[in-house]
Amino acid sequence: MGVGGGSGGAGWVTPRKEPPARKFFHNLMEKKDFEAWLDNISITFLSLTDLQKNETLDHLISLSGAVQLRHLSNNLEILLKRDFLKLLPLELSFYLLKWLDPQTLLTCCLVSKQWNKVISACTEVWQTACKNLGWQIDDSVQDPLHWKKVYLKAILRMKQLKDHEAFETSSLIGHSARVYALYYKDGLLCTGSDDLSAKLWDVSTGQCIYGIQTHTCAAVKFDEQKLVTGSFDNTVACWEWSSGAKTQHFRGHTGAVFSVDYNDELDILVSGSADFTVKVWALSTGTCLNTLTGHTEWVTKVVLQKCKVKSLMHSPGDYILLSADKYEIKIWPIGREINCKCLKTLSVSEDRSISLQPRLHFDGKYIVCSSALGLYQWDFASYDILRVIKPPDFSNVSLLGFGEIFALLFDNRYLYIMDLRTEKLISRWPLPEYRKSKRGSSFLAGEMSWLNGLNGQNDMGLVFATSMPDHSIHLGLELLSYFISELYDAESTLSNFPTILIWRGRRNHGKGKQPICKRTGNATLRVLNKPGKWADRNLMKFNQSKCTILHLRYNHPHNREVGTN
């Protein structure tokens, strides 16, 4: 105690203050005692029921101050929100991700950058997802982020097919009479007409490259130098593109020639005719080497193709000739001998009660033809029927193209795309009133490689072509979404897609503002009445606040150029 005095001389007693450190340690347990106390409390706490533990924690929380509550909040977040993808080894993370469907994985990519990085690098998951969508897989690609981008592109393309948004149409005008014959190769389309001419068109530009005077064409096939035509005048002719001169004339049939095929390596040309025969010619000299008989109907299709499978009758690399009429498909070993005999005759009914559609697919391994009963597929090694595909209302549906993944079919009203793995129609496209042909020559498939699986590059170009009653040719072209594909070049989640640029037309026609339109690279403008809906359909977010609005020049005739405003 200390004694002090004041100015009045009166004194008082004041308590002596202890040093702060001494008071602090006086009120705390010794470390050893605290540890013993904590052990006893822990043992007691573990022996309590869950309800008692909860009540104990509630009581301790009520006694805690701000420092304790902050400490509790920080540690609870670490304990309760553990990022297992970040903590687990990468191999285990990939194993867990395999059990999730792709759409769920895309949602998981939005959780964090770490999740997006891990999920995007799970190559096996995205490759499997792409295969399920009918996409070709190139195992040589090593980029771990590549296949997620491919999946996004694949799902967009399949959605466009299902929503009937994958095609655009155009017309080729130049013939003055009916177009009987069509043949497509490498971006070029050849048309043969009743106006005694054949024309070669560039499908991408619609320009006529060559036009030569011929006979009436019932069938055409071409390469870079020459054109081969089968005619209703019972002859076959070979023409030179550059000069238009006839270089060879093949005479011998007694009926119209409906189909031709040739092979420069073998120096052989084959033709099928309404006289029920198939003739084999020397391509360079025009000499008839053999006449194959046995058909009892018009021979509407001949195919000369290399065999790709081994059997008792042929080996891989042998050239095989197929000829088809209304009821039968005959197989000839054209590569071994000129005076050959028929190896096999295929049909769908022995009593000829079921006829075949006038179309034939042969890729060296399988023969496919359509009939009123469905789509028949034969194994070329054994000649056994592998399967019969029967889509709904197949009686009027014809085969246009056949691949490993997809098939292209058509009837009088629609073009259909079928997934051959499920045998279900996944898309259809309305067709115009095209000119019908009993021989099937008025309808032609374009690019065929995408039927074996899409790869992001083979989904462009001609899909089909058909002749019209007004003598024009109607084209169905598959679109590539240039604008959309650019989005996949960036490493981003769905929420980070770039801003959508919208052009708005404002020409006043007394009906208010024009609909919102978009422009995708060199593609045409399309109406977007609901930008948000369009964005959802293309797997994007539409952010109105970040959307740049540009105005079209008012007086432009096609409303396509961006003005200065």
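Everything numeric in this text was worked out from a predicted model, so none of it was measured. (Residues numbered from 1 in each chain as written. Predicted model: local features only at pLDDT ≥ 70, side-chain atom pairs only at ≥ 80, totals over all residues. Heavy atoms only, no water.)

**Focus on the overall build of the chain**
Within the chain, the regular secondary structure consists of 12 helices and 34 strands. Burial status across the chain gives 44% buried among its 565 residues. Contacts in the chain between residues at least 24 apart in sequence constitute 46% of all its contacts with a sequence separation of at least 6. A total accessible area of about 30,800 Å² is found for the chain, and carbon and sulfur atoms account for 52% of it. (Helix = DSSP H or I, 4+ residues; strand = E, 2+ residues; numbered from the N terminus. Buried < 20%, exposed > 50% of the residue type's maximum accessible area, 1.4 Å probe, protein only. Contact = heavy atoms within 4.5 Å. Areas by Shrake-Rupley, 256 points an atom, 1.4 Å probe, with all protein chains shown as cover.)

**A short note on the packing of aromatic side chains**
Under the defined criterion, the tally for this structure stands at 20 aromatic pairs. A centroid spacing of 5.4 Å and a plane angle of 45° characterise the contact between Trp126 and Tyr151, whose relative ring orientation is tilted. Placement of the pair is Trp126 in helix H9 (residues 123-132) and Tyr151 in helix H10 (residues 146-162), with a sequence separation of 25 residues. Assessed through its relative accessible area of 0%, Trp126 is described here as buried. Among the aromatic side chains, those forming a connected cluster through ring pairs are Tyr180, Phe232, Phe258 and Trp298. Lying across the ring of Tyr262, Lys221 places its NZ or CZ 5.0 Å from the centre. Of note, Arg428 hangs over the ring of Tyr414, and the distance from its end group to the ring centre comes to 4.0 Å. (Phe/Tyr/Trp six-rings, centres within 6.5 Å; stacked < 30°, edge-to-face > 60°. Lys NZ or Arg CZ within 6 Å of the ring centre and 35° of its normal.)

**A few points about the nonpolar core**
Counting 46 residues, the largest nonpolar core has Ile119, Phe406 and Leu415 as the members making the most contacts within it. Counting residues per element, this core draws most heavily on H10, at eight residues. Residues Ile329, Phe362, Cys369 and Trp378 belong to the second largest nonpolar core, which totals 20 residues. (Core = buried A, V, L, I, M, F, W, Y, C linked by side-chain atoms within 4.5 Å.)

**What to know about the pairing of strand E15 (residues 288-292)**
In this structure, strand E14 (residues 278-282) lies alongside E15, joined through four bridges in antiparallel fashion. Paired with Trp281 across the bridge in E15 is Cys288. (Pairing = 2+ DSSP bridges.)

**Focus: the sheet that holds strand E24 (residues 398-402)**
Note on sheets: strands pair through backbone hydrogen bonds, and any given pair is parallel or antiparallel. Taken in spatial order, the four strands line up as E24-E25-E26-E27 in an open sheet, and their pairing is antiparallel. Lying at the two open borders of the sheet, with one neighbouring strand each, are E24 and strand E27 (424-430). Strand after strand, the sheet turns through a mean of 25° between neighbouring axes, direction not considered. Two strands pair when backbone bridges link them, and strand E26 (residues 414-419) and E27 are joined in this way by six bridges, in the antiparallel orientation. Looking across to E27, one finds that Ile417 is bridged to Ser427. (Axes fitted to C-alpha atoms, helices over the stretch in contact; angles between N-to-C directions.)

**A short note on the sheet that holds strand E6 (residues 197-202)**
An order of E4-E5-E6-E7 is seen for the four strands of this open sheet, with the pairing classed as antiparallel. Both outer strands of the open sheet, strand E4 (179-185) and strand E7 (207-213), are each paired with one neighbouring strand and no more. For this sheet, the mean angle separating the axes of adjacent strands, direction not counted, is 20°. Two elements, strand E5 (residues 188-193) and E6, share five bridges in a ladder whose sense is antiparallel. Paired with Gly192 across the two strands is Ala198, which belongs to E6.

**Digging into the UniProt feature "repeat: WD" (unreviewed entry) in the chain**
In the numbering used here, UniProt assigns the feature "repeat: WD" (unreviewed entry) to residues 172-211 and 250-291. What you have in residues 172-211 is 0% helix and 62% strand, and the ends, taken at the C-alpha atoms, are 13 Å apart. (UniProt positions renumbered as here; feature names shortened; annotations may be inferred.)

**Some thoughts on the side chain of Asp275**
Within the fold, Asp275 resides in the loop between strand E13 (268-273) and E14. Buried and unpaired, Asp275 has Lys279 as its nearest opposite-charge partner, separated by 5.7 Å. Of the polar contacts made by the side chain of Asp275, one reaches the side chain of His253; its length is 3.0 Å. Among the polar contacts listed, one links the side chain of Asp275 to the side chain of Thr277, at a separation of 2.7 Å. In this structure Asp275 touches His253, Thr254 and Gly255, once residues within four positions along its chain are discounted. (Lys, Arg positive; Asp, Glu negative; His and termini not counted. Salt bridge = Lys/Arg side-chain N within 4 Å of Asp/Glu carboxyl O. Polar contact = N/O pair within 3.5 Å; in protein donor to acceptor, adjacent residues only side chain to side chain.)

**Describing the side chain of Lys148**
Residue position: Lys148 is located in helix H10. At 2.9 Å, the side chain of Lys148 forms a polar contact with the side chain of Asn116.

**Details of the confidence of the model for the chain**
The predicted model of the chain averages 79 in pLDDT, with 78% of residues at 70 or higher. Scored below 50 in pLDDT, residues 1-13 shows 15 contacts in the model against residues more than four places distant or in partner chains. (pLDDT = per-residue confidence, 0-100.)

**A word on the pairing of E5**
Successive residues of a regular strand alternate their side chains across the two faces of the sheet. Burial of E5 is extensive: five of the six residues sit out of reach of the surface. Inspection of the sheet shows E4 paired to E5 by six bridges, in the antiparallel sense. Looking at E5, one finds that Ala181 is bridged to Gly192. Linkage of E4 to E5, two consecutive antiparallel strands, is achieved through a turn of two residues, within which Asp186 is found at a positive phi near 50°. As consecutive antiparallel partners, E5 and E6 are separated by three residues, and within that stretch Leu196 has a phi angle of approximately 65°, a positive value.

**A look at the pattern of salt bridges**
Applying the stated rule across the entire model yields nine salt bridges. Between Asp261 and Lys221 there is a salt bridge, with its nearest N and O atoms 2.3 Å apart. Linking Asp261 in strand E12 (residues 257-263) with Lys221 in strand E8 (residues 217-222), this pair joins segments that are 40 residues apart in sequence. If you follow the salt bridges from partner to partner, you end up with Asp223, Lys226 and Asp264 in one network.

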